[in-house]
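Examination of the molecular architecture
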Amino acid sequence: MSILTAQAAVPRRRRRAGALPGFGPAMGFTLFYLGLIVLFPLAVLAWRATGTGAAGAARIVTDPRILAAFRVSFGTAFAAACIDTVFGVLLAWVLTRYRFPGRRLLDALVDLPFALPTAVAGIALASLYGPNGWLGAPLLRLGVRVAYTPLGILVALIFVGLPFVVRSVQPLVVDLDREVEEASATLGASRARTLRAVVLPTLAPAVLTGFALTFARAVGEYGSVIFIAGNAPYVSEILPLVIVQRLEEYDYAGATGVAVAMLLVSFAVLLAINLVQAFGRRRHGHG
Amino acid sequence: MTWRAPGGIEAGAAGQPRGGGVGIAVRGLVKSYGAGAALKGVSLDVERGELLALLGPSGSGKTTLLRVIAGLEAFDEGSVAFDGASTAGLSVGERGVGFVFQHYALFRHMTVLDNVAYGLRVRPRRTRPAAAEIRRRSLALLDLVQLGGLERRYPAQLSGGQRQRVALARALAIEPRVLLLDEPFGALDARVRKDLRRWLREIHERTGQTTVFVTHDQDEAMELADRVAILDAGRIEQVGRPADIYAAPRTAFVASFVGDPTALGVTVAAGRVRLGGFDVGAAPAGVPDGPARQFLRPGDAALVPAGGGVPARVEALLWASRGVRAEVSVAGSARRIEVDCPDPAGLRAGDAVGLRFDHLRVYPLG
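First, a word on what this report is: a plain description of the structure on this page. (Residues numbered from 1 in each chain as written. Chains lettered and ligands numbered in written order. Predicted model: local features only at pLDDT ≥ 70, side-chain atom pairs only at ≥ 80, totals over all residues. Heavy atoms only, no water.)

1. Section: the overall build of chain A
To be explicit about the condition: A run of H or I in DSSP counts as a helix once it spans at least four residues, and a run of E counts as a strand once it spans at least two, with each numbered from the N terminus. Restricting the calculation to C-alpha atoms gives the radius of gyration, and the globule rule supplies 2.2 Å times the number of residues raised to the power 0.38. Residue burial is assigned from relative accessible area. The probe radius is 1.4 Å, only protein chains are included, and a residue is buried under 20% of its type maximum, exposed over 50%, and partly exposed in between.
Along chain A, the regular secondary structure elements total 14 helices and 0 strands. Sequence-ordered secondary structure for chain A, helices as α and strands as β, is α-α-α-α-α-α-α-α-α-α-α-α-α-α. At 24 Å, chain A has a C-alpha radius of gyration far larger than the 19 Å of a compact globule built from 287 residues. By its C-alpha atoms, chain A is 75 × 60 × 30 Å across when sized along the principal axes. The buried share of chain A, reckoned over its 287 residues, is 37%.

Below is the structure:
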């Protein structure tokens, strides 16, 4: 309101445009685009979900099979994001810091899980880790069953999520100031200490971003998972599959109800990660 | 002067008389390839407690030499010893060098205090002071570098000059055996450079720390250092006190580098120096007949009324803080010559004048 009244009082001195104009059109387009592409579908989803009513919502969130799917989906997604974060940071580090033959090829390979149709990835992984697969058979002899268990879901999610961490962290590794590491070394810090106290805090915002992206992707992943998961209710059934099943039974209200619940949890997790990042930025006096 | 380090321990060689032995001994350093410029056999002694400047153009190897001394860069041949003990086999951290980088290299996610305390906090438990002691020492160092009260700031909230002072405090905190500074004021504006120069000199007088700093700015080197080592293309051309180097450059390169001279092509014949057909004076002893180069500093010649000296033409008058200089051209020489012009009144571009050569610095070609 104060902006409006100030404008009314001093009509000539509108918002100062700054040397680089473009805020108005850019903001307008952003809001329009975000509204059309993101918010509108979500609003429709929420509106469809209201059809179930409060009792329906309660039934959904207390259905043991759906609760189990919640645990499987978010549990495996979280685990996959954690594992991808560790190895993704390592991969980004090796790809940027060292020069070795085949580096560019390896760098290009990282994006493959992005480009591959997820069903292709799922079928490949299922045959590889299946009871007769190249990896599945020896593992089975060791007593580890991968395909058709939550472990299989984890393998698929790790596969599809890896590029997110690598690509988020890589630019920051490139920009890392070597002199900062050298300063730490001259001050007597060990290499491990330098990595922990100097390098990782610098990479932290990108690592968090990569984690969030991997997690979000993993929660919504469908194609690569269903082939390897076995989809046993209460054990290896993921939420997107539950939604698809509801849709196939023409239970649109049930499907949207599960979807909205899933969306809320995901949104809460992503918001929390964003808040952690914002806190970090403020503390470090940049951004 | 018995200044005591914030830790209550004598810092470096504080209290000792200057020149109490060799602090850093560099012998026959060769480095042929790698990231930085090459070194082609560099030997250098830095006295304990001395402030020595490595001066040279970019690519001369001065930063490489400093980084080799610190252990940040490997080398092919030669040795580096601190206080008589070889540094071979010692890691960067074990050498006890305080290193100050041109672009500060501060830990930007840490407060100023945490930056300064870092070197003490990463020590193994046996040698690490208590937390309260670390804090006390770090705060005392921040006072020393005149940043008391800013300990809770982050580096991004400081000016360039303040950041470099934090970097110096951080380097001093580990009570280093030697202090190495790589173009410490290179990224700062002229005014701040000048202040920090004077201030670094004061800090050095108080700590008596064996210090080597790299610079490409000869004014900085001459004003600050006890001795200056001039490098070119991986070799040391001359080492000496600023006054000696200024008065008697040993090689043509040094002569071309110090004193802001104009390089002129001359010929030496029968002990006389000739510039474009004019005899300008007697050649210094030891310069053989043949083509030679003369390095003329602005104070080496004077303008006289036309008819005297070598005929010349005023091309421009240059006003600067160091005084007025005239840019003159001489028949037979393509290069314009800069000459001090203490009395520019009545002089303007295009005037015909004479140029009287008072001091000839002539070096044989090649």
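2. Focus: the nonpolar core
Residue and element names in this part refer to chain B. Threshold: Nonpolar cores were defined as sets of buried Ala, Val, Leu, Ile, Met, Phe, Trp, Tyr and Cys residues, with membership established by side-chain atoms within 4.5 Å. Between two residues, a contact is recorded if the distance between any of their heavy atoms is within 4.5 Å.
Formed by 43 residues in total, the largest nonpolar core has its most connected members in Leu168, Val228 and Ile230. Among the elements that take part in this core, helix H4 (residues 160-173) stands out by supplying 7 residues, more than any other. Not counting residues up to four positions away in its chain, the partners in contact with Val228 are Ala53, Leu55, Ala221, Met222, Gln238, Val239, Gly240, Pro242 and Ile245.

3. Concerning the sheet that holds strand S17 (residues 323-330) of chain B
Residues and elements named next belong to chain B. What counts here: Two strands pair if DSSP finds at least two bridges between them. An axis is simply a line fitted to the C-alpha atoms; with a helix, the fit covers only the stretch in contact. Between two such axes, the angle follows the N-to-C directions and lies from 0 to 180 degrees.
Strand order in the open sheet formed by 5 strands is S15-S19-S16-S17-S18, with antiparallel pairing between adjacent strands. Among the strands making up the open sheet, the edge pair consists of strand S15 (301-305) and strand S18 (337-340). Each strand axis lies, on average, 50 degrees off the axis of its neighbour in the sheet, ignoring direction.

4. Regarding the interface of chain A and chain B
We count it as follows: When two components associate, each loses some accessible surface as probed by a 1.4 Å sphere; the sum of these losses over both components is called the buried area. Salt bridges are defined as contacts in which a side-chain nitrogen from Lys or Arg sits within 4 Å of a carboxyl oxygen from Asp or Glu. Side-chain atoms alone can form a polar contact between residues adjacent in sequence; in general such a contact is a pair of N or O atoms within 3.5 Å, and within protein one must be able to donate a hydrogen while the other accepts it.
The interface of chain A with chain B comprises 21 residues on the first partner and 23 residues on the second. Taken together, both faces of the contact between chain A and chain B bury some 2000 Å²; the carbon and sulfur share is 61%. When the buried surface of chain A facing chain B is broken down by residue, Glu179, Thr186 and Leu187 of chain A rank first, second and third, together holding 34% of it. For the pair chain A and chain B, the interface holds 1 salt bridge. For the salt bridge of Arg67 of chain B with Glu182 of chain A, the shortest nitrogen-to-oxygen distance reads 2.6 Å. Taken together, the links from chain A to chain B amount to 3 residue pairs in polar contact (both at pLDDT 80 or more). Tallying contributions element by element places helix H10 (residues 178-186) of chain A first for the side of chain A that touches chain B, with 7 residues.

5. Observations concerning the packing of aromatic side chains
All names here are of chain B. Formally: Centres within 6.5 Å are what make two rings of Phe, Tyr or Trp a pair, Trp counting through its six-membered ring; a difference in plane orientation under 30 degrees is then read as stacked, over 60 as edge-to-face, and the rest as tilted.
The full count for this structure, using the stated rule, is 10 aromatic pairs over all chains. Consider the rings of Phe107 and Tyr118, whose centres lie 4.5 Å apart with planes at 50 degrees: the pair is tilted. Of the two residues, Phe107 sits in the loop between strand S6 (97-100) and helix H2 (112-121) while Tyr118 sits in helix H2, which places them 11 residues apart along the sequence. In this structure Phe107 comes out as buried when scored by relative accessible area, which is 1%. Their ring planes at 20 degrees and their centres at 5.5 Å tell us that Phe253 and Phe257 sit as a pair that is stacked. A residue pair is termed a helical-turn pair when its members lie 3 or 4 positions apart in one helix, as Phe253 and Phe257 do in helix H8 (residues 252-257) at 4 residues. Phe257 carries the same exposure label as Phe253, and that label is buried.

6. Details of the packing of helix H7 (residues 118-129) of chain A against helix H9 (residues 150-175) of chain A
Residues and elements named next belong to chain A. Quick note on the threshold: Geometric relationships in this document are graded by angle, where less than 35 degrees denotes roughly parallel, more than 145 denotes roughly antiparallel, 65 to 115 denotes roughly perpendicular, and other angles denote oblique. Definitions for this section: a left-handed crossing has its near helix turned counterclockwise from the far helix by less than a right angle. A right-handed crossing has that turn clockwise. Residue type decides the class: Asp, Glu, Lys and Arg count as charged, Ala, Val, Leu, Ile, Met, Phe, Trp, Tyr, Cys and Pro as nonpolar, and the leftover types, Gly among them, as polar.
Closest axis-to-axis distance for the H7/H9 pair is 10 Å, and the angle between their directions is 135 degrees. On the basis of their axis angle, the class for H7 and H9 is oblique. As H7 packs across H9, the resulting crossing turns out to be right-handed. Seen from H7, the contacting residues are Ala121, Leu125 and Tyr129; seen from H9, they are Val155, Ala156 and Phe159. The residue inventory of the contact of H7 with H9, partitioned by class, reads 6 nonpolar, no polar and no charged.

7. A few points about the environment of Lys31 of chain B
All names here are of chain B. For Lys31, the position within the fold is in strand S1 (residues 22-31). Separated by 45 residues in the primary sequence, Lys31 and Asp76 have C-alpha atoms spaced 5.1 Å apart. Excluding its chain neighbours within four sequence positions, the residues that come into contact with Lys31 are Ala38, Leu39, Thr64, Val68, Glu73, Ala74, Phe75 and Asp76. Of the polar contacts made by the side chain of Lys31, one reaches the backbone oxygen of Ala74; its length is 3.0 Å.

Everything listed is a geometric property; what it means functionally is a separate question.
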